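Remarks on the overall topology
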Amino acid sequence: MSETPQDQGAAPDTDPAEPQAGPETGLRILLAEDEALIRMDLAEMLTEAGHVIVGQAADGEQAVALAQETSPDLVVMDIKMPGMDGISAAEQIGKEGIAPVVMLTAFSDKNLVERARDAGVMSYVVKPFSSADVLPAIDIGRARWAERKALESEVADLGERFETRKQVDRAKGLLMTQLKLSEADAFRWIQKAAMDRRLSMREVADAVISGMPAKK
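The following paragraphs examine the structure supplied in this document. Everything quoted here is computed from the prediction, not taken from an experiment. (Residues numbered from 1 in each chain as written. Predicted model: local features only at pLDDT ≥ 70, side-chain atom pairs only at ≥ 80, totals over all residues. Heavy atoms only, no water.)

Turning to the sheet that holds strand β5 (residues 123-126), a few remarks are in order. Taken in spatial order, the five strands of this open sheet run β2-β1-β3-β4-β5, and their pairing is parallel. Where the open sheet ends on each side, the last strands, each with one partner, are β2 (52-57) and β5. Strand after strand, the sheet turns through a mean of 20° between neighbouring axes, direction not considered. Sheet topology note: the strand β1 (residues 28-32)/strand β3 (residues 74-78) ladder contains four bridges and is parallel. Bridged to L30 within β3 is V75. Helix-sheet contacts for helix α2 (residues 60-70) involve β1, β2 and β3, and the interaxial angle to β2 is about 145°. Of the strands in this sheet, β1, β3, β4 (101-105) and β5 are in contact with helix α5 (residues 131-154), which crosses β5 at around 165°. (Pairing = 2+ DSSP bridges. Helix = DSSP H or I, 4+ residues; strand = E, 2+ residues; numbered from the N terminus. Axes fitted to C-alpha atoms, helices over the stretch in contact; angles between N-to-C directions. Contact = heavy atoms within 4.5 Å.)

The next point concerns the layout of surface pockets. Regions of empty space are outlined by a rolling probe, equal in size to a water molecule, passed over the atoms. Considering only enclosed or pocket space, the largest pocket measures out at about 920 Å³ in volume. Taken together, 27 residues form the lining of the largest pocket, with R117, G120, V121, M122 and R165 sitting closest to its centre. Listing elements by their share of the lining of the largest pocket, those giving two or more residues are α3 (86-95), α4 (110-118), β5, α5 and α6 (158-178). For the lining of the largest pocket, the residue count by class is 10 nonpolar, three polar and 14 charged. (1 Å grid on protein atoms, 1.4 Å probe; cavity = no way out; pocket = protein on both sides within 12 Å on 5 of 7 lines; lining within 4 Å. Points joined across faces, edges and corners; volume = space filled by probe spheres on them. Nonpolar A, V, L, I, M, F, W, Y, C, P; charged D, E, K, R; others polar.)

Further remarks concern α2. In an α-helix there are 3.6 residues to a turn, and that puts residues three or four apart on one side. For α2, the full list of buried residues reads G60, A63, V64, L66, A67 and T70. Along the axis of α2, the buried positions cluster into a sector of 170°, meaning they face one direction only. Opposite the buried face of α2, by more than 90 degrees, sit the exposed residues E61 and E69. Packing partners of the buried residues in α2 comprise β1, β2, β3 and α3. Two or three places before E61, at the start of α2, stands the capping residue D59, its side-chain oxygen 3.2 Å from that residue's backbone nitrogen. Remark: S71 follows α2 within two positions and exhibits a positive phi of approximately 45°. (Buried < 20%, exposed > 50% of the residue type's maximum accessible area, 1.4 Å probe, protein only. Arc of directions from axis to C-beta. Polar contact = N/O pair within 3.5 Å; in protein donor to acceptor, adjacent residues only side chain to side chain.)

Here we take up the nonpolar core. Grouped together as the largest cluster of nonpolar side chains are 23 residues, with contacts concentrated most on V75, M77, I87, I93, V101 and M103. Among the elements of the structure, β1, α2, β3, α3, β4 and α4 are those that each provide at least two residues to this core. Look past the residues within four positions of I93 in its chain and what remains in contact with it is A63, V64, A67, V75, M77, I98, A99 and V101. The next biggest cluster of nonpolar side chains, apart from the first, holds 18 residues, and it includes A150, A171, W189 and I190. (Core = buried A, V, L, I, M, F, W, Y, C linked by side-chain atoms within 4.5 Å.)

Moving on, we get to the packing of helix α7 (residues 183-197) against helix α8 (residues 201-211). The contact between α7 and α8 brings their axes to 8 Å, and the two run at 115°. The angle between the axes of α7 and α8 places the two elements in the roughly perpendicular class. In this structure, the crossing between α7 and α8 has a hand that is right-handed. Where α7 abuts α8, its residues F187, W189, I190, Q191, A193 and A194 lie against M201, V204 and V208. Split into classes, the residues belonging to the contact of α7 with α8 amount to eight nonpolar, one polar and no charged. (Parallel < 35°, antiparallel > 145°, perpendicular 65-115°, else oblique. Left-handed = near helix turned anticlockwise from the far one by under 90°.)

Right, let's talk about empty space enclosed by the protein for a bit. Per the stated rule, a full pass over the model turns up one cavity of 30 Å³ or more. The computed volume of the largest cavity comes to approximately 40 Å³. In this structure, the largest cavity is lined by I79, T105, F107, L112, V113, A116 and Y124. Of all the elements, α4 adds the most residues to the lining of the largest cavity, at three residues.

So, in structure tokens, the structure goes:
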């Protein structure tokens, strides 16, 4: 490859035909939280933000069943629930490709966060929270879900997809630092560079990593 993405300088203009990330409104959201008061507060908060609550669950098994029934755009789910916990439910919802999951947790425990990430949780919010915490997490979750779908469509092999995702994440981090981009814009930068140059996203990510030294 004779030219790396570094040579392009600034982030490229986005294609109007491509889905754009940004503040999400009008999403169909499923809530899963065993504490009724928190669930009611969440429903009110999200409705006021323009979203539609398509179902409410009090445990993980009910959350999975409702997700399968309603096919929501997004699931907001507590990590600790009776029966099937939120992480197990999120893993099943993610494996079935139903919707991104934003996890609520009263614990900032690193192991729990890592378990949630490995289960396919797209973002998480630590309790107590406000709309200023939840709404950005929803945007991040939706953007990461779109990235995951884009990588799935490009890379069929699971092992190769995992390695591609790691490289793309590293490249995103460099672009965010070097070009002052948001996470979503950094991914679109990689995606558009791949389309323009007729390369895979893995090849563009590798070029970014080799061409942009890590910040010291």
